[in-house]
Amino acid sequence: MSHPAPLPNVALAMPAATANRLFTARLLDALADGVNLLSREPLEDFSSAAALAVLANTDILITGWGCQQIDADVLDAAPRLRYILHAAGTVKNHVTEACWDRGIQVSTAADANALPVAEYTLAMILLANKNILQLGQLVHSRHSPVSPEAEFPSMGNYRKRVGIIGASKIGRHVIRLLRPFDVDVVVADPFLDDAEATVLGTALVTLEELASTSDVVSLHAPSLPSTLNLISKEIIASFGPGTTFINTARGELVDQDALLDRLQQGDLYAVLDVTTPWELPPDSGFYTNPNVLLTPHIAGSLGTELERLAATVVAEAHRVAKGEPLRHALPAEQLSITA
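Values in this document were obtained by computation on a predicted structure and should not be read as measured data.

> An account of the packing of helix α6 (residues 110–129) against helix α15 (residues 306–321) is requested, with residue identities and associated values reported.
In the contact formed by α6 and α15, the axes pass within 8 Å of each other and the chain directions differ by 155°. If you check the angle between α6 and α15, you find them roughly antiparallel. Where α6 crosses over α15, the two elements pack in a sense that is right-handed. Within the contact between the two elements, α6 uses A112, N113, L115, P116 and E119 and α15 uses R308, L309 and T312. Broken down by class, the residue content of the contact of α6 with α15 amounts to four nonpolar, two polar and two charged.

> Could you give an account of the side chain of T243, with specific residues and numbers?
Structurally, T243 can be placed in the loop between α12 (233–238) and β10 (244–247). Classification of T243 as buried rests on a relative accessible area of 3%. Among the polar contacts listed, one links the side chain of T243 to the backbone oxygen of S214, at a separation of 3.3 Å. Setting aside residues up to four positions removed in sequence, T243 forms contacts with S214, D215, V217, D267, L268 and Y269.

> For the sheet that holds strand β11 (residues 269–272), give the residues involved together with the corresponding values.
Strands sit in the order β8-β7-β6-β9-β10-β11-β12 across an open sheet of seven strands; the sheet is parallel. Looking at the sheet topology across the chains shown, the edges are occupied by β8 (203–204) and β12 (292–294). Bridge count for strand β7 (residues 184–188) against β8 is two bridges, and the pairing is parallel. Bridge pairing in β8 links V186 to A203.

Criteria and cut-off values
Residues numbered from 1 in each chain as written. Predicted model: local features only at pLDDT ≥ 70, side-chain atom pairs only at ≥ 80, totals over all residues. Heavy atoms only, no water. Axes fitted to C-alpha atoms, helices over the stretch in contact; angles between N-to-C directions. Helix = DSSP H or I, 4+ residues; strand = E, 2+ residues; numbered from the N terminus. Parallel < 35°, antiparallel > 145°, perpendicular 65-115°, else oblique. Left-handed = near helix turned anticlockwise from the far one by under 90°. Contact = heavy atoms within 4.5 Å. Nonpolar A, V, L, I, M, F, W, Y, C, P; charged D, E, K, R; others polar. Buried < 20%, exposed > 50% of the residue type's maximum accessible area, 1.4 Å probe, protein only. Polar contact = N/O pair within 3.5 Å; in protein donor to acceptor, adjacent residues only side chain to side chain. Pairing = 2+ DSSP bridges.

What follows is the structure, encoded as structure tokens:
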């Protein structure tokens, strides 16, 4: 008579503050309902005697922001470890080559984290085409009624062109969310071909064409050495008058000096959720330019959206327990580009 396989042993590895943000008591209960949760307290480091005792029996490690590096020494202390399930996006800060060398399967919640960024972007695109940033400032400054169409006769979303730079997870989500709207969506991505763009419901164009013809330009490319200042001085100069530029990717992808110079001309608008440096100096011109909306890196998962990240890895752990393949497995070759 065969016996069911024992449930895998699971441990959390992240700062306690991160675990408290991600995992509600309900989600921990749900996790423990399908696996053997060794402790509800996360491993904040891998060196203590208590941590080493947990690692020795761990089959699945659930990680989060701030997890220490999982190097060869940690793996030596965790001989049973077969899965690392990350309740966030990039794993390049804690998953080392040693993990791939030993055949550890890695999964991330990058898909789940892409959703709120895409939702934020969709909202900003629709508001940009309605000239909300500019009209809101006019109402506040004039203290009197404002005639929207007199100020912006071409306002509105109907038949506007939206340019998506980068067919990343987030870029693809944005394209999908734009489908119900009467807008023309184009995409620029050197790794995309015309057939793939057609499947996405968009048209593939060059970065130069996208920049010069789009009413809204939204950046969703990864941060790589090759994408440093991707949005160059020349690209910024080619933006048409009245264009809105949205950045939820990384600040280093943009020549920020050139962007600020163009914004100071008064005919370009920007919605910036990310900048370089991450926190702008107090005297930065982005703070005072009326054509800029700065938000404090809120596009990604925050508040209740964090529960989606935790729920993603709970579901992955349950798949392992049932002998099913991971749904969000990450190939080793993507280690350097996952965002």
